[in-house]
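# Secondary and tertiary structure notes
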Amino acid sequence: MKRKWWHDKVAYQIYPKSFLDTNGDGIGDLRGIISKLDYLKELGIDIIWLSPIYKSPFVDQGYDISDYYKIAEEFGTMEEFDELLAEAKKRDMYIVMDLVVNHCSSEHEYFKAALADPDGPYADYFYFVKGIDGKEPSNYRSYFGGKAWEPVPGSDKYYLHMFAKEQPDWNWENKEVRDKIYKMINWWLDKGLGGFRIDAIINIKKDTSFPSYEPDGDDGLVSCVKMVEETDGVGEFLEEMKHETFEKYDAFTVGEVFNMKEDELREFVGDDGHFSSMFDFSALELTYGEHGWYDSKPVDFKRWREILFASQKEMEGIGFKANIIENHDEPRGASRYLPEYAQNEMGKKMLATTSILLRGIPFIYQGQEIGMTNCHRNDISEYDDISTKDQYQVAIDAGCTKEEALACCYENSRDNARTPMQWSADENGGFSAHAPWLAVNPNYKEINVSEQEGRADSVLSYYKELITLRKSPEYEETFVYGNVEPVYEDTDTVFGFMRMGKENRQKILVAANYGKEAVSLPLPGTAKKLLLSNAGRRKLADADHITLESLETAVVLLK
Ligand code: TEU
Ligand code: CA
């Protein structure tokens, strides 16, 4: 494997709207991000991914871009963005932007031009397709619910939107469109970006005959993902994009890739793959319901462990996935992966350890480092997210009561991750002097940065220790490049693995007890040194055994 500059980095995702508001309008901003660079540096962060900050009507929180060359006024100005880049650079940090090029906003000038002349050249920038017998060209359901085709007013055509109707899909078959996208990417890279996180990218290749498929629901529709699964050829676009842009800058890219075909791993993220990395979403499917949130399931520990190890194994010798426990599209990791009895700081530290010390590039989502959790709401009107509203309705239509549907939102809503960052116990969690755009989680008085900064045994302090350990010169090579060897797989509650250094000369054991009862385990070698403990343990009592209390986690260097 070729060595790359991003292999040993630790990344952090900022959701700008909810990070820090400095001008009192209830919306996070670039100035807020600039003012927290030192905080992130101290945490050990190298790469900062910003969810979209481009000009947008915010129908889908900025994932609907109306001008790719402008900064959203809500967030600040281009000068402030340049300042952010410069300030990050001073601290040896990289800024990574969100690249949303499967679709744009219906407010984009080209889409407006297309609507104005549905047979003109701009119509071919999108998928404007004639209906069949006065109906949609096919029976696709968009990811956010409802039909994926919207009638073009004053014409017999429909346009395709795999997400909201305000997010028309770009026609990637059109070379002019692709060239404009590449030009835009290079314009940003020229500013000195570290790279991009690439949104919903698997969807860019369409079967332009748009066949209908067997419906997968009572609405007679089929998820548009079916067409994606049935269509080959996305790789050609991805290679072209890479050659025309990222490659020239040695930029870091991390793909948001769902539904990749299994044998394509090397092609996607191997040496010279389409992307530098892609997120490991393998564990997410554990909770997915068959029909939506209303039949979602709790995480089964053993399945989770099995799936993560399988994902680690398949990456051996190929490349690096980006490891996450949460992001802006998911509920909070602590709420999702930790059982009820583990909802405390020890549990959160345990989850941090098993995630950050796996092989791959760790991505920490804002608030994860203090253990932020899901947030209860009393009514659907208290949610903002477009997909939450859809899934609430799906649940109601399936016969759930209001309470049941709200319970599904509590478990699954994207807004769980989007509540404002909890900086302090001050009003609105110190996020803003004004009422925030989305109400803060009421637990900010107990869970906040300011309280945790002053406490050596806090979740935040532990994240710092953990990242410091990962990056320490003695062990970094092993934590970055060493393989993962699962251990204690025969136990019901232990998440255990070894990181194997070069030629197995260094062996580091990571063992975490996710269960309620203590477990006694034989060490897979003789202990040399305890590197980290979430339980205040100073040393190992025994060189060949370890007893882990409930939620206890130990990182041990073996002889
Ligand atoms: O998400 C793409 C995607 O596949 C989502 O539909 C995801 O499955 C869903 O959000 C899970 O609840 C990306 C962005 O991350 C998301 O925020 C955007 O809404 C979406 O693209 C459209 O741009
Ligand atoms: Ca603001």
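The name an unreviewed UniProt entry gives the protein chain is Alpha amylase, catalytic domain protein, with Roseburia intestinalis L1-82 as the organism. Its UniProt record gives the protein chain a comment under Sequence similarities (unreviewed entry), which states: "Belongs to the glycosyl hydrolase 13 family."

Taken in spatial order, the 5 strands of this open sheet run 16-17-18-22-20, and their pairing is antiparallel. The outermost strands of the open sheet, each flanked by one partner alone, are strand 16 (483-487) and strand 20 (527-533). Each strand axis lies, on average, 25° off the axis of its neighbour in the sheet, ignoring direction. The pairing of strand 17 (residues 494-500) with strand 18 (residues 507-513) spans 7 bridges and is classified as antiparallel. Residue Phe495 lies in a different strand from strand 18, and its bridge partner there is Ala512.

Moving on to the environment of Gly454. Residue position: Gly454 is located in the loop between helix 16 (449-453) and helix 17 (459-471). The exposure class assigned to Gly454 is exposed, which follows from the 10 C-beta atoms found within 10 Å. For the pair Gly454 and Asp46, spaced 408 residues apart in sequence, the C-alpha to C-alpha distance is 23 Å.

Glancing now at the domain arrangement of the protein chain. We note that the domain assignment places domain 1 (11-102 + 175-213 + 223-381 + 419-459) and domain 2 (481-558) within the protein chain. On a C-alpha basis, the centroid separation for the pair domain 1 and domain 2 is 30 Å. Between domain 1 and domain 2, the residue contacts involve 17 residues of the former and 17 residues of the latter. At the level of secondary structure, the elements contributing two or more residues to the side of domain 1 that touches domain 2 comprise helix 10 (301-315) and helix 12 (345-356). Looking at the side of domain 1 that touches domain 2, the element that brings in the most residues is helix 12, giving 6 residues.

As recorded in UniProt, the sites labelled "domain: Glycosyl hydrolase family 13 catalytic" (unreviewed entry) are residues 13-418. Helix makes up 33% of residues 13-418 and strand 13%. Its end C-alpha atoms lie 12 Å apart.

Reading guide: rules and limits
- Residues numbered from 1 in each chain as written.
- Chains lettered and ligands numbered in written order.
- Predicted model: local features only at pLDDT ≥ 70, side-chain atom pairs only at ≥ 80, totals over all residues.
- UniProt positions renumbered as here; feature names shortened; annotations may be inferred.
- Pairing = 2+ DSSP bridges.
- Helix = DSSP H or I, 4+ residues; strand = E, 2+ residues; numbered from the N terminus.
- Axes fitted to C-alpha atoms, helices over the stretch in contact; angles between N-to-C directions.
- Buried ≥ 20, exposed ≤ 12 C-beta atoms within 10 Å, placed from the backbone.
- Domains from an automatic or database assignment.
- Contact = placed C-beta atoms within 7 Å.

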